[in-house]
Amino acid sequence: MRNQSVKNNIDWISVFIYITLVVLGWLNIYSSSLLSTDGTYQKQLIFIGCTIPLILVVLFVDGKFYEKYASIIFGVSLLSLAGLFLFGKTIAGQRCWYAIGSFTLQPSEFAKAATSLALAKYLSDTQINLKDFNRQMQALAIVFLPVILILPQPDPGSALIYSIFIIVLYREGLPSWYVLTGFITILLFVLTLVLEPYVVILIAALVLAIIYFKGRVVDRNIILSGMILAAVSAFVLSVNYVFENVFKQHHRDRFNILLGKSVDMKGIGYNTNQSEIAIGSGGWIGKGFLEGTQTKGGFVPEQHTDYIFTTVGEEWGFVGSLIVISLFVGLFLRVIYLAERQKTKFSRVYGYCVAGILFTHFFVNIAMVVGIFPTIGVPLPFFSYGGSGLWGFTILLFIFLKMDANKVNEW
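Predicted, not measured: the structure shown is a model, and the values here were computed from it.

Caption draft 1: Looking closely at the side chain of Asp306. If you trace the backbone, Asp306 turns up in the loop between helix H16 (293-296) and helix H17 (309-340). Dropping the residues within four chain positions of it, Asp306 is found in contact with Asn365, Met368, Val369, Gly377, Val378, Pro379 and Ser384.

Take a look at the structure:
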């Protein structure tokens with residue numbers, strides 16, 4: 001009866017979009033790796049085949065299991081991330097994988113689902129009020145514990161994805177100044193890289209002065225305004241030091257290229273440049289499946305992983321790219337719609353986390369491929385090559401679809 005209930009109540013629209021994206025992803029991996037000798041597209045086909053029993057297990061497990069054992073799942077996930085420092089395999093300078101023979105597993109891909117479960121579990125407690133500072137710190141700790149373990153690997157791309165949890169927390173009552181502070185910090189950082197620090201400080205002072213004098217007299221607080229300006233000035237003056245001494249050279253190069261401060265089309269900027277050429281050459285309807293000259297020529301490095309969307313752009317053109325983007329947007333909106341109609345706060349918050357993680361991966365990857373975001377190694381969900389990524393996203397999505405199918409049994 002329970003399995004029949006899942007079959008009848010699972011959201012088949014989401015399942016259809018998922019299957020479509022996975023199939024389209026494999027076709028593009030096939031095209032981009034057809035001339036390679038390492039069996040990339042064959043391996044991805046095996047990874048796809050493994051998702052079938054994985055999905056069945058996720059759907060077979062009782063929906064309450066994920067809520068009841070969310071904390072344990074999160075703890076195991078943190079241990080798997082910490083274990084990389086002792087037992088992890090280093091590939092391309094990153095210690096992100098466990099190696100079992102020729103097979104590798106990246107725990108950070110599964111940590112996103114675990115963190116989503118833990119955060120949903122914490123926020124669903126009836127005693128939790130995110131207006132309370134201690135509760136805010138506890139919720140933020142759940143988000144940033146994995147980040148602390150992921151950043152030193154180093155894997156800034158995976159760590160960046162966790163920023164979306166702040167939006168989820170905001171939706172559940174986190175004060176808006178957290179989001180505003182984050183946005184202003186990023187803006188000040190970028191402006192300081194483009195302009196002289198004293199110019200940025202002058203702009204900040206003018207903005208604060210306008211806010212001060214436009215506000216009601218009773219609300220004016222010159223001491224608070226002065227403290228904010230002092231904090232902004234200290235941050236701005238520290239940006240160049242952090243940029244030059246904390247960021248690694250390849251990170252600095254990518255930011256400089258993005259901001260137009262240096263051009264290196266044969267070095268660090270080669271990937272992005274070739275990606276833009278490939279996508280631009282596709283025109284409206286593309287060159288046709290297996291007919292991409294940039295793809296067949298191997299001009300775009302890592303095309304089957306982080307740069308898989310370049311194959312879509314070159315071979316399927318604007319129309320094909322728009323279809324793929326529409327499928328992703330459709331999935332995001334569908335998950336949000338399902339999240340809004342959940343009967344429990346746990347399921348609703350988890351649904352927001354799923355939509356947020358998938359959207360952030362999608363947005364950063366596409367922005368990276370078209371050259372409006374630095375290259376930081378963020379895969380395109382269900383499309384990019386890799387077993388860990390595909391399985392991690394599959395588990396993330398189907399846990400929520402299980403919760404949604406189980407809502408008929410919720411009170």
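Caption draft 2: Spatial organisation of the nonpolar core. Counting 93 residues, the largest nonpolar core has Leu119, Leu169, Phe328, Tyr350, Phe382, Phe383 and Phe398 as its most contacted members. The element best represented in this core is helix H18 (residues 345-369), accounting for 14 residues. Taken domain by domain, the makeup of this core includes at least three residues from each of domain 1 (1-20 + 265-383 + 402-411) and domain 2 (61-174). For Leu119, the residues in contact, after removing those within four places along its chain, are Ala139, Ile142, Val143, Phe165, Leu169 and Cys353.

Caption draft 3: Summary view of the pairing of strand S2 (residues 94-100). Across 3 bridges, strand S1 (residues 89-91) lies against S2 in antiparallel orientation. Note on S2: the bridge partner recorded for Ile91 is Gln94. Two successive antiparallel strands, S1 and S2, enclose a turn made up of 2 residues, where Ala92 displays a positive phi of approximately 55°. Across 3 bridges, S2 lies against strand S3 (residues 103-105) in antiparallel orientation. Its bridge partner lying in S3, Ala99 is registered against Thr104. Remark: 2 residues form the turn of the hairpin made by S2 and S3, two consecutive strands paired antiparallel; Gly101 in that turn has positive phi of roughly 70°.

How each quantity is defined
- Residues numbered from 1 in each chain as written.
- Predicted model: local features only at pLDDT ≥ 70, side-chain atom pairs only at ≥ 80, totals over all residues.
- Heavy atoms only, no water.
- Helix = DSSP H or I, 4+ residues; strand = E, 2+ residues; numbered from the N terminus.
- Contact = heavy atoms within 4.5 Å.
- Core = buried A, V, L, I, M, F, W, Y, C linked by side-chain atoms within 4.5 Å.
- Buried < 20%, exposed > 50% of the residue type's maximum accessible area, 1.4 Å probe, protein only.
- Domains from an automatic or database assignment.
- Pairing = 2+ DSSP bridges.

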